[in-house]
Amino acid sequence: MPESDRRPARNLPPLSLHIPEPRYRPGDTPDFGDIEIPAVEATPRPGEATRPDAMRELCYGLVRVLDFDGQAKGPWDPKLPADRLRTMLRYMMLTRAFDDRMFRAQRQGKTSFYMKCTGEEATSIASTMAIDRADMCFPSYRQQGILIAREYPLIQMMNQIYSNRGDHLLGRQLPIMYSAPEHGFFSVSGNLATQYPQAVGWAMASASKGDSRIATVWCGEGSSAEGDFHSALTFATVYNAPVIFNVVNNQWAISSFSGFAGGERTTFAARAVGYGIAGLRVDGNDALAVYAATQWAADRARTNNGPTLIEHFTYRAEGHSTSDDPSAYRAAQEASAWPFGDPIVRLKQHLIALGEWDEARHDALTRELDELVKTTQKQSEKLGILGHGMHQPFETMFEDVFEEMPWHLKEQCAQMLAEQEAKFGPDWKPE
Amino acid sequence: MIEAINSAMDVMLERDPATVVMGEDVGYFGGVFRATAGLQKKHGKTRVFDTPINECGIIGVAVGMGAYGLRPVPEIQFADYIYPGLDQLVSEAARLRYRSANDFICPMTVRTPFGGGIFGGQTHSQSPESIMTHICGVKTVIPSNPYDAKGLLIAAIEDNDPVVFLEPKRIYNGPFSGYYDRPVEPWSKHDASAVPEGYYRIDLGKAATVRAGEALTILAYGTMVHVTRTIVEEMGIDAEIIDLRTLLPLDIEAIEASVNKTGRCMIVHEATRTSGFGAELAALVQERCFYHLEAPVERVTGFDTPYPHSLEWAYFPGPVRIATALTKILKD
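Rules used in this analysis
- Residues numbered from 1 in each chain as written.
- Chains lettered and ligands numbered in written order.
- Predicted model: local features only at pLDDT ≥ 70, side-chain atom pairs only at ≥ 80, totals over all residues.
- Helix = DSSP H or I, 4+ residues; strand = E, 2+ residues; numbered from the N terminus.
- Rg over C-alpha atoms; globule rule 2.2 N^0.38 Å.
- Buried ≥ 20, exposed ≤ 12 C-beta atoms within 10 Å, placed from the backbone.
- Contact = placed C-beta atoms within 7 Å.
- Pairing = 2+ DSSP bridges.
- Axes fitted to C-alpha atoms, helices over the stretch in contact; angles between N-to-C directions.
- Core = buried A, V, L, I, M, F, W, Y, C linked by C-beta atoms within 7 Å.
- Nonpolar A, V, L, I, M, F, W, Y, C, P; charged D, E, K, R; others polar.
- Parallel < 35°, antiparallel > 145°, perpendicular 65-115°, else oblique.
- Left-handed = near helix turned anticlockwise from the far one by under 90°.
- Expected span 1.5 Å × (residues − 1).
- Arc of directions from axis to C-beta.
- pLDDT = per-residue confidence, 0-100.

When helices and strands are tallied, chain B shows 12 helices and 12 strands. Its C-alpha atoms give chain B a radius of gyration of 19 Å, near enough to 20 Å, the size a compact globule of 332 residues would have. Scored against the burial criterion, the 332 residues of chain B give a buried share of 60%. Once local pairs closer than 6 in sequence are excluded, the contacts in chain B between residues at least 24 apart make up 76%.

Below, the structure written as structure tokens:
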């Protein structure tokens, strides 16, 4: 049948398929002037028990505390003591120093892979500081800030990144896929958003046992498109689970801009509306706003008022990972043109405005943290770097598939050890 | 058998406060096959509850509950519906212990009815066991009678690793001879229908010899144990029938001992043929028992088509297909 016969004779233009396209590509000069930035005082702070349908406008607004002159204002100001603010700043600066060092280590061939969280430090650090130490975090891959904020030993993070002799995950996981149960940090999966329903299950278990602990979980705006995200929100609303959903909207999922997750049509916080879940959209580069929103959601969850979805509106200032070159797909000046600035600079300015900090102390702290990271790195490298022989014993490859090793794995383990002997000669001994 | 499965969960809910039972329609209603009937009333709504129709969510939430310290027993209403939950099973439940080096475990038992012979069409009849055995880190268990179903399910729930517990739905209410046109025989006439009331377990990874014999070894599980037995006895063949019960970890010693004794091996399953579990069994028997074999290993399976509705009994590996294969393997 010819094409023309199949088309009904209507006086309409043909259908057209929309393929989202970011506004700026390499070579373009980005201008974010059209992003709506409500005044700091403009966003109301409802009570923690407010019905989700009575606070929908918060899904489309922006929770802010810090203005661009470093002043904390408005109903969301958590009014944290200066010591707490300095601790927060320290964690954020340490995370950045750690990221820079580990990125360089990957470039030096000491490991296979690394992921920085530059520009997004507040979304994990301020968030973690606003919940209880006993609450359980289900991170995605860019939440190293949780571990820093819970003072997990830096050397453990590095040992994992190097997959060396000290790696308590036995070199099984790609760098940065940490696991730290004593620090309330769930094992990171490489599959996206799978932690979302798991966090809900953990929260449901806590509620069913009459516990007081809540769960908190992170994903990116890109992976909010996964079915797991929607499964999680469905279960959370059905069982009114004590869980905080964080969507870190850093605008980019590798090379795909937020439009490929539906960001052209609505906000990510507004995903909450259809589920009857409370939603907050937050300036993710404002550590105090992140803290305040998380504290609100934690209080809500802990008082049996249910889950909250928080969209952290931020910008991924660096590549997706060491395997990525963002200059191939986005305008180079996007990060510097981002109207919300840098979260570390903003918190620093706030402390200076309070008279609780100064440039000299800041510089001294920068040097101290750089030195700490450098010293720790040297200690970690004594335990080996990836691909230089100081890995875990060979048989560990077969352990922990099951609690007890079944016969077929024992046979395969023996085969692998025989292969090593064939490779390295008769004097070779398993470690 | 459905009462035995119900009893296993009842016993575990009673014994271990960490046990929770959940799934579509399993709460107040007691499950579409009645496997959870009465459990919510007895153990309460936070221990036995309904879930949204969302298999990814059911398994994902169970992973999180396991990480908290619970022992979840999710039901997937039909094995055919498990696919939306496979990522949570393959990449999460099965890998959690390994990837976290024992920081977190997943003591979950996914119960799900599988297999055909009930006019369920292609979405209520599949046998996806070899998809499960191909995952590293999941145990796969298939009972064939009420006594085993209870003991194996209790062992599965107590296991600290994820277990997929596939329940052959055709034999929920009685063993199946393979003759769909004959009246259904109730379990009460079967020697494995007596199920003790309290706690007992059958260790995973152990096969059972259903019938000792010398002429050949037949490896089967679930519904096909009964179908095969009927045909063998009708034909007067002195076959040794091994009910595998656990596909992974497999009881390789039982298989080797039997095949080395009889010198012939036939594998019977209802699942599709290509890359089915029979292929794995045939390869293992060939690798380990080759010099004892007097005939090629024979596979009797479903066909490589979706499970048909009206032509179900032409698809099913029933009496004719089994008898033909038996004749062939004994002639060689």
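This next bit is on the sheet that holds strand 12 (residues 298-302) of chain B. Residues and elements named next belong to chain B. Strand order in the open sheet formed by five strands is 7-9-8-11-12, and the pairing between neighbours is mixed. The sheet is open, and its two borders are formed by strand 7 (208-211) and strand 12, each paired with just one other strand. Neighbour-to-neighbour, the strand axes of this sheet turn through a mean angle of 25 degrees, independent of strand direction. Helix-sheet contacts for helix 8 (residues 223-235) involve strand 7, strand 8 (216-220), strand 9 (239-243) and strand 11 (265-272), and the interaxial angle to strand 9 is about 170 degrees. Helix 12 (residues 319-331) rests against strand 8, strand 11 and strand 12 of the sheet, and its axis sits at about 170 degrees to strand 12.

Okay, the nonpolar core next. Proteins that are soluble and globular tend to have nonpolar side chains buried together. The biggest cluster of nonpolar side chains holds 204 residues, and the ones touching the most others in it are V200 and V243 of chain A. Contacts of V243 of chain A, omitting those with residues within four sequence positions, involve A199, V200, A203, I214, A215, T216, V217, A236, A301 and P307 of chain A.

If you look at the interface, chain A gives 36 residues, while chain B gives 34 residues. For the side of chain A that touches chain B, the secondary-structure elements that each account for two or more residues are helix 6 (195-208), helix 7 (227-239) and helix 13 (407-424) of chain A. For the side of chain A that touches chain B, the residue count by class is 17 nonpolar, 15 polar and four charged.

Our focus in this paragraph is the packing of helix 2 (residues 82-107) of chain A against helix 12 (residues 359-382) of chain A. A packed helix pair is summarised by two numbers, namely the angle formed by the two axes and the spacing between the axes. All names here are of chain A. Remark: helix 2 packs on helix 12, axes separated minimally by 9 Å, with the N-to-C direction vectors making an angle of 50 degrees. As judged from the angle between their axes, helix 2 and helix 12 are oblique. Taken as a pair, helix 2 and helix 12 cross one another with a handedness that is right-handed. Contacts between helix 2 and helix 12 involve R90, M93, L94, A97, F98 and R101 from the former and L365, T366, L369, D370, V373, K374 and Q377 from the latter. Looking at side-chain class alone, the contact of helix 2 with helix 12 contains seven nonpolar, two polar and four charged residues.

All names here are of chain B. If you check helix 10 (residues 277-289), its first and last C-alpha atoms are 18 Å apart, about what 13 residues at 1.5 Å a residue would give, namely 18 Å. Buried within helix 10 we find F277, G278, L281, V285 and C289. Seen along its axis, helix 10 keeps its buried residues to an arc of 100 degrees; they face one direction. Across helix 10 from its buried face, at more than 90 degrees, point the exposed residues A283 and E287. If you follow the buried residues of helix 10, they end up packed against helix 6 (129-133), strand 8, strand 10 (246-248), helix 9 (252-262), strand 11 and strand 12.

All right, on to the sheet that holds strand 7 (residues 308-313) of chain A then. Residues and elements named next belong to chain A. The strand order 1-2-3-7-6 describes an open sheet built from five strands, whose pairing is parallel. Only two strands of the sheet have a single partner each, and these edge strands are strand 1 (136-138) and strand 6 (278-283). If you compare each strand with its neighbour and ignore which way they point, the axes differ by 20 degrees on average. As paired strands, strand 2 (residues 215-220) and strand 3 (residues 243-249) are joined by six bridges and run parallel to one another. Within the sheet, the bridge partner assigned to V217 lies in strand 3 and is F245. Strand contacts of helix 3 (residues 121-129): strand 1, strand 2, strand 3 and strand 7, with the helix running at about 160 degrees to strand 3, the strand carrying the most contacts.

The subject of this paragraph is the packing of helix 9 of chain B against helix 10 of chain B. Residues and elements named next belong to chain B. Two numbers describe how helix 9 lies on helix 10: the axes approach to 10 Å, and their chain directions differ by 65 degrees. For the element pair helix 9 and helix 10, the recorded crossing hand is right-handed. Between helix 9 and helix 10, the contacting residues are I252, I255, E256, V259 and N260 on the first element and L284, V285, R288 and C289 on the second. Tallied by class, the residues present in the contact of helix 9 with helix 10 amount to six nonpolar, one polar and two charged.

Attention shifts here to the confidence of the model for chain B. Of all residues in chain B, 100% attain a pLDDT of 70 or more, and the chain-wide mean is 97. In the predicted assembly, ipTM is 0.96 and pTM is 0.97.

With omega at 0 degrees, the peptide bond leading from L248 of chain B into P249 of chain B counts as cis. Take P249 of chain B: it is sitting in the loop between strand 10 and helix 9. Located in the positive-phi region is S163 of chain A, a residue other than glycine, with phi close to 50 degrees. For S163 of chain A, the location among the structural elements is in the loop between helix 5 (154-162) and helix 6.

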